[in-house]
Amino acid sequence: MIGPLVNILINGLAYGVLLFLMAGGLSVTMGLMGFANLAHGSLAMLGGYIVVGLMRDYHWPFLLTLPAAAIGAAIAGWIVERTIFKRFYGGKELDQVLLTIGIVSMTVAIATYVWGSTPQPVRVPEFLDGRVHVGIVDVGTYRLFLILLGGLLTLGLVLGIERTTFGAKIRAAVDNRRMTVSCGINVDRLFTLAFAIGSALAGLGGGLAVYLVGLDPSFPVKYLVYLLIVVVVGGLGSIQGTLLAAIALGICDVAGKYYVPEAGAFVLYAVTVLLLLWRPQGIFGR
Amino acid sequence: MVALAPRIPAPSVVARHLFLRRSRWRWEEIAFWLIAAASFFLFPGHHVLITQALISGLFVVSLDLLLGYSGIASMGHAAFFGIGAYTAGILAQQGWGDPLLGLIGGAIVAGAFGALCSLLVARLHGAALLTVTLGIGLLCYELANKWSSLTGGDDGLQGMIVQPVLGLFAFDIDGNVGFIYAFVVIFIFYLLARRLVNSPFGLALTGIRENIRRVPALGISVRFQLMMAFTISAAVAGVAGALLAETTQYVALEVLSFDRSISVLIMLVLGGIGNLVGGMVGAMVFIVARDQLAAVNPVYWNFWLGLILCVVVMSGAGGIVGFLRRLGDRIGNGR
Amino acid sequence: MNINSASPETVLETRGLHKSFGALRVTQDVSFRLPQGARYALIGPNGAGKSTLINLLTGVLAPSSGTVLLNGSDVTRLRPEERVRRGLARTFQINTLFPELSPLEAATLAICQRRGLCINPFRALSGCDDAIDEAQALLADFDFGDDAGRPTHELPYGRQRLLEIVLALAAKPKVLLLDEPAAGVPQQESAEIFTAIEALPSDVAVLFIEHDMDVVFRFAQRITVLVAGRILCEGTPDEIANHPEVREVYLGDGENV
């Protein structure tokens, strides 16, 4: 009785960490610039393919491909932000939605063209592959690794936002953009940097996700809904809210598949809709 | 008193004329409907495809009423289309196969669900509105998927028996009757939609799109107008879904899919938002292009679709119809 | 109508209006009356709570306590649009118009609403000739001319300020709240707006909300001074101008403007 429950919690936590990494940047994007970037999942997919590609074709060790995935996604995010997205800040939400859906569609096509539509396998090093005995249950080592890494990154992120000047500027800009601009802070440059960091997190999340949830060109479409739910339910621009929503979603999803597999994603969507009707600004939104 | 009796001043004639001009048939509209009617004779081998394009067009028009005129984005509009399709389908499966009954049933059930949703979403906007409409669409899909005793689930709804239209014209395998039936129904709904956007009610919707804060200060209830708009839009989407079910005599789970909710947005933007005919044109171009390109390679189709979407949005040209209008204006000025 | 008749009826009244945001009290015990056909002004320095008071009067905000009476009936719980239908119209300090609609369309919309035409989705606009004629006549009163048919966003700023008043008048109000009607209009162009305000129908009660004191002295019969959410004093322009406390808290501020 307890065993499965603990397992579900741990698996859900690991899944939640992945969702948080992939959604964190999106939360900042939407909170800071009001830019609805539905293509955020494409950056995660890019990270995934960088991991797979470097390991398969260049025989890089798995752990070394992770920073490469983050850097690759950051560069891609930075380029797209500077060339395309920045023109749409403050514009119509519908334009942003359609533009980024267009980008999703193109990235899906490009990924299919380059890597084919079959799921890509990834082999993780042996020390991450096994299972370890923790207390009363056996847990996948990789999941523990994810939770540990995710915990460290989250700690770093929260400290970065709470303690550094950069973080203070971001918080100020989310809170009151006009005021921040009039304080002489270049919000545009601030945002480019934040966008690149968010892209790096997404790339890393995508790279880490391959082993757990698989990777094929439909990845950005599959996770679009989940990322949007995490960000909106958590409250736009709130890191803590996004983290909590991601973990809650992760645990609910794993628990739902275990206990009520016949309900599918129904419960998840229903809870999301009800939550947003109750608090349209999200749980931690203002 | 006689001397003070109101006489109609000349500016009033001008003012009335401005409103008449607003509601006048434009050449793109006339051209589209003439071509659509002529296609019955020009492309006899493609009746089924063109019928589907027209039905998608009506679906896009229903979204345009909501998005183009009221400024409310729905990311789950397929919910209403699908509910209309399943309603007509289940009616026909249970022996109520009269096509017009199916249309009415589809409109009522989809409209009622739309009214319910409008109560929920009327106070939402921004990211929450996008997510909730998306969530409602996904909920309906999941529900139909799991409730297979009613819907047939993944296999689709089988065993529809659709009776002849008006008891006279039986649907044929070449889609001749289906084409004419759909064409007439869609044209009637197009006229009704035109009527709606050129009514004071439609003007109030435009007001909501243009400045939602001013509207209450005129004495207009935003909530009421949006609920009406949502309900009407859902009912029209339901009619489109019912038409698809009747002309194909089958309902696939795909009618409720996220893909369909997104495609309808794309068709609207491709054709041109906020002028009704843009939706019809966008659907026609989209469906025909998909038929041609996706047959070659679905991967290319996705790529070009995405690229075209980005170009349309970035150019800000107002889609195909917006482009045609400007072209027409330029030719007109050049004379 | 006999202008000298005994005190005209009160059309808008507030009784003990309070509003707090958390611990912050922005409106405290505001009670005042606006008689029919009055030309009153509400003034106060920045941050005095003028905008909050307007929001309380129009129903955008609900008061923490107190009542708002319109024509003698309690409207405290009514929504903004319901108050408009009962004769309380307003203009906005920052232009709140329909950029893509022409003034003619916007005014026709307001008039159609008043005539109850906006709830029927299938009534053709081209058949609402009476409403269109009324909108045209109203715009002609304000010398809109050809501007009536152009999209609002193409009009000069001063014209847009006038349209604010036109749209409020289209509701045929009994009470008109003018929220800094000349805000942002250069001095030399503001004459047009003040001419329009002077020509407002005499049976409409007008309450100006103003920051600039000079403006209201020209029009107002009585002035209410709001400071820190409270009514500091109330009286004729002369009384207010000579009121020592007003001179202290308000005119001192005014000299800097």
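All figures in this text were calculated on a predicted structure; none of them were measured in a lab.

This part takes up the overall build of chain A. Within chain A, the secondary structure is distributed over 12 helices and two strands. Shown N-terminal to C-terminal, the secondary structure of chain A runs as helices and strands in the order α-α-α-α-α-β-β-α-α-α-α-α-α-α. The C-alpha radius of gyration computed for chain A amounts to 19 Å, which stays within 12% of the reference 19 Å derived for 286 residues, consistent with globular compactness. Taking the principal axes of the C-alpha coordinates as reference, chain A spans close to 55 × 45 × 35 Å. Across the 286 residues of chain A, 53% fall into the buried class.

How big an interface is tends to be reported as the loss of accessible area on association of its parts. Counting residues at the interface gives 38 residues for chain C, matched by 35 residues for chain B. Carbon and sulfur atoms supply 68% of the area buried between chain C and chain B, which totals about 3400 Å² over both sides. One can count three salt bridges joining chain C with chain B. Measuring nitrogen to oxygen at the nearest pair gives 3.5 Å for the salt bridge that ties D129(C) to R16(B). Where chain C packs against chain B, one counts 11 residue pairs in polar contact (both at pLDDT 80 or more). For the side of chain C that touches chain B, the secondary structure elements donating two or more residues are α2 (80-85), α3 (103-114), α4 (129-141) and α5 (157-170) of chain C.

Once that is clear, we can look at the confidence of the model for chain C. All names here are of chain C. In the predicted model, chain C carries a mean pLDDT of 85, and the fraction of residues at 70 or more is 94%. Model confidence for chain C, summarised as mean pLDDT per element, is weakest for helix α9 (residues 244-254) at 67 and strongest for strand β6 (residues 88-90) at 93. In the model, residues 1-6 has pLDDT below 50 throughout and makes zero contacts with residues more than four positions away in sequence or in other chains. This model gives residues 253-257 a pLDDT under 50, and the stretch forms three contacts once residues within four places in sequence are excluded. At the level of chain-chain contacts, confidence expressed as ipTM amounts to 0.87, with global pTM at 0.89.

Bringing the arrangement of the chains into the picture now. For the two pairs of chains in contact, the maximum contact count is reached by chains B and C. Of all C-alpha pairs spanning chain A and chain C, none lies closer than 15 Å, and the two are not in contact.

The subject of this paragraph is the sheet that holds strand β4 (residues 65-70) of chain C. All names here are of chain C. Pairing in this open sheet of four strands is antiparallel, and the strands run β2-β1-β4-β5 from one edge to the other. Lying at the two open borders of the sheet, with one neighbouring strand each, are β2 (24-35) and β5 (73-74). Note: strand β1 (residues 10-21) against β2, eight bridges, orientation antiparallel. When the bridges of β2 are listed, T10 appears paired with P35. Packed on one face of the sheet, helix α1 (residues 50-58) meets β1, β2 and β4 and runs near 120° to β1.

A separate point is the interface of chain B and chain A. Counting residues at the interface gives 35 residues for chain B and 42 residues for chain A. Approximately 3200 Å² of surface area, both sides summed, lies buried where chain B meets chain A, with 85% of it carried by carbon and sulfur atoms. Where chain B packs against chain A, one counts zero salt bridges. Along the contact surface separating chain B from chain A lie one residue pair in polar contact (both at pLDDT 80 or more). Going through the elements one at a time, α6 (126-146), α11 (258-271) and α13 (298-315) of chain B are the ones with two or more residues in the side of chain B that touches chain A. Residue contributions to the side of chain B that touches chain A peak at 14 residues, all from α6(B).

Turning our attention to helix α7 (residues 165-175) of chain A. Residues and elements named next belong to chain A. Among the residues of α7, those classed as buried are G167, I170, A173 and V174. Projected down its long axis, α7 shows its buried positions confined to an angular sector of 125°, all on one face. Exposed residues lying more than 90 degrees from the buried face of α7 are T165 and D175. Those residues of α7 that are buried are in contact with α1 (2-33), α6 (141-163), α8 (177-182) and α9 (187-213).

Residues and elements named next belong to chain A. Even without being glycine, H59 reaches a positive phi, approximately 55°. Its location among the elements puts H59 in the loop between α2 (40-58) and α3 (62-83). Taking the relative accessible area as the measure of exposure, H59 reaches 65% and is therefore exposed.

Bringing a nonpolar patch on the surface into the picture now. A surface patch of nonpolar side chains, amounting to about 820 Å² of accessible area, comprises I110(A), Y113(A), V114(A), L293(B), V296(B), Y300(B), W304(B) and I308(B). Elements that contribute at least two residues to the nonpolar patch include exactly α4 (93-115) of chain A together with α12 (277-296) and α13 of chain B. Residue position: W304(B) is located in helix α13.

What follows concerns the sheet that holds β6(C). Residue and element names in this part refer to chain C. Spatial ordering of the open sheet is given by β6-β7-β8-β3-β9-β10, a layout of six strands whose pairing is mixed. Here the strands that pair on one side only, and so sit at the sheet edges, are β6 and β10 (230-235). Sheet twist, expressed as the average angle between the axes of neighbouring strands with direction ignored, equals 20°. Pairing of strand β9 (residues 222-227) with β10, which is carried by five bridges, proceeds in the antiparallel orientation. The residue bridging L226 from the neighbouring strand is I231, located in β10. The sheet strands contacting α1 are β3 (39-43), β6, β7 (175-179), β8 (205-210) and β9, and the helix crosses β6 at an angle near 145°. Of the strands in this sheet, β6 and β7 touch α5, which is tilted by about 160° from β7.

Before going further, it helps to spend a moment on the side chain of S105(A). Residue placement: S105(A) occurs in helix α4. Using a relative accessible area of 12% as the deciding quantity, one classes S105(A) as buried. A distance of 2.8 Å separates the side chain of S105(A) from the backbone oxygen of N302(B), its partner in a polar contact. Discounting chain neighbours no more than four positions away, the residues touching S105(A) are N302(B), F303(B), L305(B) and G306(B).

Conventions used here
Residues numbered from 1 in each chain as written. Chains lettered and ligands numbered in written order. Predicted model: local features only at pLDDT ≥ 70, side-chain atom pairs only at ≥ 80, totals over all residues. Heavy atoms only, no water. Helix = DSSP H or I, 4+ residues; strand = E, 2+ residues; numbered from the N terminus. Rg over C-alpha atoms; globule rule 2.2 N^0.38 Å. Buried < 20%, exposed > 50% of the residue type's maximum accessible area, 1.4 Å probe, protein only. Contact = heavy atoms within 4.5 Å. Buried area = accessible area lost by both parts, 1.4 Å probe. Salt bridge = Lys/Arg side-chain N within 4 Å of Asp/Glu carboxyl O. Polar contact = N/O pair within 3.5 Å; in protein donor to acceptor, adjacent residues only side chain to side chain. pLDDT = per-residue confidence, 0-100. Pairing = 2+ DSSP bridges. Axes fitted to C-alpha atoms, helices over the stretch in contact; angles between N-to-C directions. Arc of directions from axis to C-beta. Patch = residues over 30% accessible without salt bridge, like charges linked within 9 Å, V, L, I, M, F, W, Y side chains within 5 Å. Areas by Shrake-Rupley, 256 points an atom, 1.4 Å probe, with all protein chains shown as cover.

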